[in-house]
Amino acid sequence: MRPTSIVGPLILVAVGILLLWINLSSDRTVLESLAIHWPWILVGWGVVRLLELLLWRSQEKSLPVRGISGGEWFVVVVVCVIGTGAYVSNQILGGFGDLPFQLSRTELFGEIHEFAIPEQKVTLRKGDRVLVENLRGNVEITGTNADEVSLNGAETVKAVSEDQARSILQSRKVTLERQDGIVVIRTHQEGVPGEHELRANLRIQVPSQVKVETRGRHTNYEIQQVRGGVEIQGDEGDARLADVAGTVRVRIARSRNIHLTNVDDLVEIYSNRGDDLSLENIRGKVSAVGTFNGNIQLRSIQGPVHIDDRRLDLRAASIPGEVVANRGDLKASRLTGPLRIASESKDVELAEFTGPLELVLEKRDAIIRQTNARLSPMDLQVRRGKVVMELPPTATFRFEGRARKGEIIDDLKTNELKEESSSQQSVLAGGPAGAPLISVDAERIELLSIVPRETAKKE
Amino acid sequence: MDAATLSLVRASRGPVQLVVLGVVFLLSNYQIAEISKTWPVLLITYGVMRLLAWTGTRAQKPNFPAAQ
């Protein structure tokens, strides 16, 4: 029987010691070092196997005919191919790029060091705007009655020592300067390698009437009491704006949370891959385009609203009440039309809206609840789902309903609707001429009577 | 060459070639000698190890008397 080999465990220990030594002694990444030194694995493997053979012979054990088996040669070939590939990419193609498993000494052993940003001030002239460029970090902007822009805050940097952290920070500085009608705040993070995770957390005070523009990559924004308009552009981050006037434009490719409250003018939002969107007390027109995978909350919006989400198209003349939508549901009350709601994946519950409604759903259900007897025209198309309408018994309307799965329940019985059923579908139609038309096309339709709130209270 | 030494020579052919292969790659990676120039060393090593094993096998073969 062939004796058990100790080559495998020894190679594991040797590779572990090698990686530890690389991490502790050099600024090269583990991959860069392995790309150069990997043949030592072959040399070590061969030497250990030779020593093993000598040991077995001295113990008078039977020796294998082949010192390296066929399977082991296969592993050798794989190691050579990977090692040569790594060497070629490192030496000839100029490195490995930003591979997720590439860890440098700073990333492994670095600590976060924080340093204050000395206060800086610049007096603003009439017509000036403020531009903030901060690639990574947080930006807090507050409008004040002063006529100057002031800046302070803190920077954090990851480094293996405080000296290294200081030298990184001193190689560039946060600047505040006035250039041709623009007051520019820059954090100059471009030249610092990403492994140092340099972040600037800026606290900025600006005259409240000024227009503010910001640029960033991984930056969160908190802006309040700015009355001259706000434009935000970024790759990733949050934006929270409160008590803002002037046009607000927020373009963050991957936003986690966009939250706007008390905005006096137009709001335009674009997010390619966003999560939560919350708009409250907006006095201007609202447009939000992109994808919002989290919750959408719209409350008290006085201007026209258009939400052009990948899973939801919502248009309204205004939203005095609220709209709350998540991945599977949309609940809305007190909306002003013309209304259009289209979705492939949401159950929709609409209550107490005014103005004409167009509702297009793919495979979910709709509930329409109106306590006011004065109805507006409705066009409801639900491809694979049911429509439940809860209406007051006194409501007057014309009705054209087609239930493709053959069921229409009419509990209202107030409009002299006539039903024609076949094995394929049910059709319910009728109502007084001149009354608003409710057109429904769904798998099932239920017309239910709702007791108006005032009557319910009296009872 | 006795039987034990012969089996050691045979068994150590693979490990020795592995060591030489590693050294050839190391010389290339440390930019001392290009692998495109040093690869015949592998061939030489393989040949030498085969030769050693062959010599040992020959020494082990018994001498039969020649046929009349």
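Here the structure is a predicted model, which is why all the values come from computation and not from measurement.

Basis of the calculations
- Residues numbered from 1 in each chain as written.
- Chains lettered and ligands numbered in written order.
- Predicted model: local features only at pLDDT ≥ 70, side-chain atom pairs only at ≥ 80, totals over all residues.
- Heavy atoms only, no water.
- Helix = DSSP H or I, 4+ residues; strand = E, 2+ residues; numbered from the N terminus.
- Buried < 20%, exposed > 50% of the residue type's maximum accessible area, 1.4 Å probe, protein only.
- Contact = heavy atoms within 4.5 Å.
- Salt bridge = Lys/Arg side-chain N within 4 Å of Asp/Glu carboxyl O.
- Axes fitted to C-alpha atoms, helices over the stretch in contact; angles between N-to-C directions.
- Left-handed = near helix turned anticlockwise from the far one by under 90°.
- Nonpolar A, V, L, I, M, F, W, Y, C, P; charged D, E, K, R; others polar.
- Phe/Tyr/Trp six-rings, centres within 6.5 Å; stacked < 30°, edge-to-face > 60°.
- Patch = residues over 30% accessible without salt bridge, like charges linked within 9 Å, V, L, I, M, F, W, Y side chains within 5 Å.
- Areas by Shrake-Rupley, 256 points an atom, 1.4 Å probe, with all protein chains shown as cover.
- Buried area = accessible area lost by both parts, 1.4 Å probe.
- Polar contact = N/O pair within 3.5 Å; in protein donor to acceptor, adjacent residues only side chain to side chain.
- 1 Å grid on protein atoms, 1.4 Å probe; cavity = no way out; pocket = protein on both sides within 12 Å on 5 of 7 lines; lining within 4 Å.
- Points joined across faces, edges and corners; volume = space filled by probe spheres on them.

*Asks:* Describe the overall build of chain B, with residues and values.
*Replies:* Per the secondary structure count, chain B includes three helices and zero strands. Order of helices (α) and strands (β) in chain B, N terminus to C terminus: α-α-α. Across the 68 residues of chain B, 35% fall into the buried class. Within chain B, contacts between residues separated by at least 24 positions form 72% of all contacts whose residues are at least 6 apart in sequence.

*Asks:* Go over the pattern of salt bridges with me, naming the residues and quoting the values.
*Replies:* All names here are of chain A. Counted by the stated rule, this structure contains 31 salt bridges over all chains. A salt bridge links Glu-155 to Arg-172; the nearest nitrogen and oxygen atoms lie 2.7 Å apart. Taken as a pair, Glu-155 in strand S4 (residues 148–159) and Arg-172 in the loop between helix H6 (162–170) and strand S5 (175–179) lie far apart in primary sequence, 17 residues in all. Each member of the pair, Glu-155 as well as Arg-172, is classed as buried. What emerges from the salt-bridge pattern is a single network uniting Arg-129, Lys-211, Glu-213, Arg-215, Glu-231, Arg-249 and Glu-268.

*Asks:* Let's hear about the packing of helix H2 (residues 30–37) of chain A against helix H4 (residues 70–91) of chain A: which residues, and what values?
*Replies:* Residues and elements named next belong to chain A. Running from N to C, H2 and H4 point in directions that differ by 120°, and their axes come no closer than 8 Å. Handedness of the crossing formed by H2 with H4: left-handed. Residues Glu-32, Ala-35 and Ile-36 of H2 touch H4, and the partners they reach there are Gly-83, Ala-86, Tyr-87, Asn-90 and Gln-91. Counted by class, the contact of H2 with H4 contains four nonpolar, three polar and one charged residues.

*Asks:* Tell me about the packing of aromatic side chains, residues and numbers included.
*Replies:* In the structure shown here, the tally under the stated rule is two aromatic pairs over all chains. Considering the side-chain rings of Trp-38 of chain A and Phe-25 of chain B, the 4.7 Å spacing of their centres and the 55° angle between planes classify their relative orientation as tilted. Of the two residues, Trp-38 of chain A sits in the loop between H2 and helix H3 (39–58) while Phe-25 of chain B sits in helix H1 (residues 3–29), which places them in two different chains. Measuring from centroid to centroid gives 6.1 Å for Phe-397 of chain A and Phe-399 of chain A, while their planes differ by 70°, and the two rings are edge-to-face. Judged by relative accessible area, which is 0%, Phe-397 of chain A ranks as buried. On the basis of relative accessible area, Phe-399 of chain A is assigned to the buried category, the value being 1%.

*Asks:* Tell me about a nonpolar patch on the surface, residues and numbers included.
*Replies:* All names here are of chain A. On the surface, Phe-74, Val-75, Val-78 and Ile-82 cluster together into a nonpolar patch covering about 380 Å² of accessible area. Among the secondary structure elements, Phe-74 is positioned in helix H4. Taking the relative accessible area as the measure of exposure, Phe-74 reaches 58% and is therefore exposed.

*Asks:* Before we move on, could you go through the interface of chain B and chain A and cite the residues and values that matter?
*Replies:* Between chain B and chain A, the residue contacts involve 23 residues of the former and 28 residues of the latter. In total, about 2000 Å² of surface goes out of reach between chain B and chain A, with carbon and sulfur atoms giving 74% of it. Of all residues in chain B, the largest losses of buried area upon contact with chain A belong to Leu-8, Leu-18 and Asn-29 of chain B, amounting jointly to 29% of the total for that side. Connecting chain B to chain A are six residue pairs in polar contact (both at pLDDT 80 or more).

*Asks:* So what about the layout of surface pockets? Which residues, and what values?
*Replies:* Residues and elements named next belong to chain A. Empty space within the second largest pocket amounts to approximately 250 Å³. Contributing to the lining of the second largest pocket are Phe-115, Ala-116, Ile-117, Pro-118, Gln-120, Glu-155, Arg-166, Leu-169, Gln-170, Arg-172, Lys-173 and Val-174. Counting only elements with at least two residues in the lining of the second largest pocket, the list comes to strand S1 (111–123) and H6. Top contributing element to the lining of the second largest pocket by residue count: S1, with five residues.

*Asks:* Quick rundown of empty space enclosed by the protein? Include the residues and the values.
*Replies:* Residue and element names in this part refer to chain A. Scanning all chains against the criterion turns up one cavity of 30 Å³ or more. Lining the largest cavity, in full, are Phe-292, Asn-293, Gly-294, Ile-296, Asp-309, Arg-311, Ala-325, Asn-326, Arg-327 and Lys-346. Of the residues that constitute the lining of the largest cavity, the class distribution is three nonpolar, three polar and four charged.

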